[in-house]
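# Results of the structural survey
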Amino acid sequence: MFRKILIANRGEIACRVIKTAKRMGIATVAVYSDADADALHVEMADEAIHLGPPPAAQSYLLIDKIIDACKKSGAEAVHPGYGFLSERAAFAKALADAGIVFIGPNIRAIEAMGDKIESKKFASAANVNVVPGYLGVIESPQEAVKIAKDIGYPIMLKASAGGGGKGMRIAFNDGEVVEGFTRARSEAASSFGDDRVFVEKFIVNPRHIEIQVLGDKHGNVIHLNERECSIQRRNQKVIEEAPSPLLDEKTRAEMGAQAVALAKAVDYDSAGTVEFVAGQDKSFYFLEMNARIQVEDGEVVLGGERSVGPREPCGHARPSGAPGSRKRPPGSCTQRPSSPGCVTRSRPASTRPRFLSRDPAAPCRARQPSSPAVPTPGRRQDPAGPPTGGGPQH
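Residues numbered from 1 in each chain as written. Predicted model: local features only at pLDDT ≥ 70, side-chain atom pairs only at ≥ 80, totals over all residues. Heavy atoms only, no water.

### Focus on the confidence of the model for the chain
Detailed reading of the predicted coordinates is not advisable wherever pLDDT falls low. For clarity, the cut-off: pLDDT measures the predictor's confidence residue by residue and takes values from 0 up to 100. Contact criterion: two residues are considered in contact whenever any of their non-hydrogen atoms come within 4.5 Å of each other.
The share of residues in the chain with pLDDT of 70 or more is 74%, and the mean pLDDT across the chain is 79. With pLDDT under 50 throughout, residues 307-325 is counted as low confidence; its partners more than four residues away or in other chains account for 46 contacts. Of the regions scoring below 50 in pLDDT, residues 328-394 engages in 76 contacts with residues more than four places distant in sequence or in other chains.

### Points about the environment of Leu 247
Formally: Numbering goes from the N terminus for both helices and strands, where a helix is a DSSP run of H or I of at least four residues and a strand is a run of E of at least two. Only protein chains enter the accessibility calculation, which uses a 1.4 Å probe; a residue whose area is less than 20% of its type maximum is buried, one above 50% is exposed, and one in between is partly exposed.
Mapped onto the fold, Leu 247 is located in the loop between strand S12 (236-241) and helix H9 (249-265). We classify Leu 247 as buried; its relative accessible area is 9%. When the C-alpha positions of Leu 247 and Asp 281 are compared, they lie 9.8 Å apart, and in sequence the two are 34 residues distant. Setting aside anything within four residues of it in sequence, one finds Leu 247 in contact with Ile 209, Glu 226, Arg 252 and Met 255.

### A few points about the environment of Ile 203
Along the chain, the position of Ile 203 falls in the loop between strand S9 (197-201) and strand S10 (207-215). Judged by relative accessible area, which is 15%, Ile 203 ranks as buried. Taking the C-alpha atoms as reference, Ile 203 lies 6.6 Å from Gly 279; in sequence the two are 76 residues apart. Ignoring any residue separated from it by four or fewer positions in sequence, one finds Ile 203 in contact with Val 277, Ala 278, Gly 279 and Tyr 285.

### What about the sheet that holds strand S6 (residues 133-134)?
Selection criterion: Following DSSP output, two strands are said to pair if at least two bridges run between them. A fitted line through C-alpha atoms serves as each axis, taken over the contacting stretch for helices, and the angle formed by two N-to-C directions is quoted from 0 to 180°.
Ordered in space as S6-S9-S7-S8, the 4 strands form an open sheet in which the pairing is antiparallel. Two strands bound the open sheet, and with one partner strand each, they are S6 and strand S8 (168-171). The pairing of strand S7 (residues 155-159) with S9 spans 5 bridges and is antiparallel. In the strand pairing of S9, Met 156 is matched with Glu 200. Helix-sheet contacts for helix H8 (residues 174-192) involve S7, S8 and S9, and the interaxial angle to S8 is about 175 degrees.

### Observations regarding the environment of Thr 273
Our working definition: What qualifies as a polar contact is a pair of N or O atoms within 3.5 Å, subject to a donor-acceptor requirement within protein and to the restriction that residues adjacent in sequence count only when both atoms come from side chains.
Following the sequence through the fold, Thr 273 ends up in strand S13 (residues 271-278). The class of Thr 273 is buried, set by a relative accessible area of 0%. In sequence terms Thr 273 and Gln 212 are 61 residues apart; their C-alpha atoms lie 4.6 Å from each other. Here Arg 227 takes part through its side chain, which lies 3.2 Å from a polar atom of the side chain of Thr 273.

### Quick notes on the nonpolar core
Selection criterion: To define a nonpolar core, start from buried Ala, Val, Leu, Ile, Met, Phe, Trp, Tyr and Cys residues and group those joined through side-chain atoms within 4.5 Å.
Ranked by size, the top nonpolar core spans 41 residues in total, and within it Ile 5, Leu 6, Val 31, Ile 66, Val 78, Phe 91 and Leu 95 carry the most contacts. Of the residues forming this core, the biggest block, 6 residues, is contributed by helix H1 (residues 11-23). Those residues in contact with Ile 66 that lie beyond four places of it in its chain are Leu 6, Ala 8, Val 31, Leu 51, Tyr 60, Leu 85 and Phe 91. Within the second largest apolar cluster, 27 residues are counted, among which are Ala 123, Val 213, Ala 263 and Phe 284.

### Regarding helix H3 (residues 63-73)
Note the cut-off: Read the arc as the range of directions from the helix axis to the C-beta atoms.
Residues Ile 66, Ile 67, Ala 69, Cys 70 and Ser 73 constitute the buried set of H3. Seen end-on, H3 carries its buried residues on one side only, within an arc spanning 155 degrees. Of the exposed residues in H3, those oriented more than 90 degrees away from the buried face are Asp 64 and Lys 71. Residues of H3 that are buried sit in contact with strand S1 (4-7), strand S2 (27-33), strand S3 (47-52), strand S4 (77-79) and helix H4 (89-97). In the stretch just after H3, Gly 74 is the one whose phi turns positive, near 80 degrees.

Written as structure tokens, this is what we have:
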């Protein structure tokens, strides 16, 4: 068991990790940029170390600064959260070289799944369904046209290092392939520093379905069923549904088995997500694997949370921090205020978002009208009403 960990992230995921660490009795170190000096994750952590200016490239993405923060604070391990450095094999390797544990998958798995071309090769070797296509590097628009004709239209051009819908183009004819190849390659180079593009068959009226997997250090891998992410805007998920209305029990079992087979093929030993594209006929093909925890991991569906622990009462002492770090005073609480002695800054309860419960009978404060403000004698009232506070932190 670790005594102290550093969270190399910010916002919601950092708060989730800190809560779970508290439940396990592990001290936490937050890192922050100038823009996040007053952020909730900084308040919740036992210590907080400044990284640099607001741009992520000058703060959260600097591997040497993260490692330096670990050494200053005495953190034994780093939880990367999602985004930022979470899928950088170079980050995991740098931590290992410094004698610091990376809380995530092994380096081989990150490297294999971080490249879409390589991940599809691993998937094929593991007998996982792969979308028909060409997995080699394409050098010119003319070569892309020839490959597209061999596969059959419509096709999709994809950036090998892509993600979030960037570097993707659909083509229904030769002219669209030429134009799409040039644009996809340019976008991939500017977004990921890697202009490699490959071609695969485009599935008409596709359904996007993900399978959550968990692996340990002893070769065991399980899957936690699916979530459907077909409702998207600009290739970004908007609504997810579980279980998927498309899948029957047979298809669900087959998809789960293939997700586990792929994870075992790369010795996966952490939380991850295997993504599939499915046709209306329930045929399905591997898309990619996210070698990290995700924003939408299935806590509600499974009745538990893998990153958030229960709240604890106020008043427990905090360990001392390293020189140059911000630390909580003894007796302060890292949770939102629940007693008069709690010093944590927080938004008023009426302005905090609350997720809708799966139980329709459960109350939801977000739907109830707020109580009218009570005028204070001698104090001018704002005709617009009391402030509503900021939105949720992302």
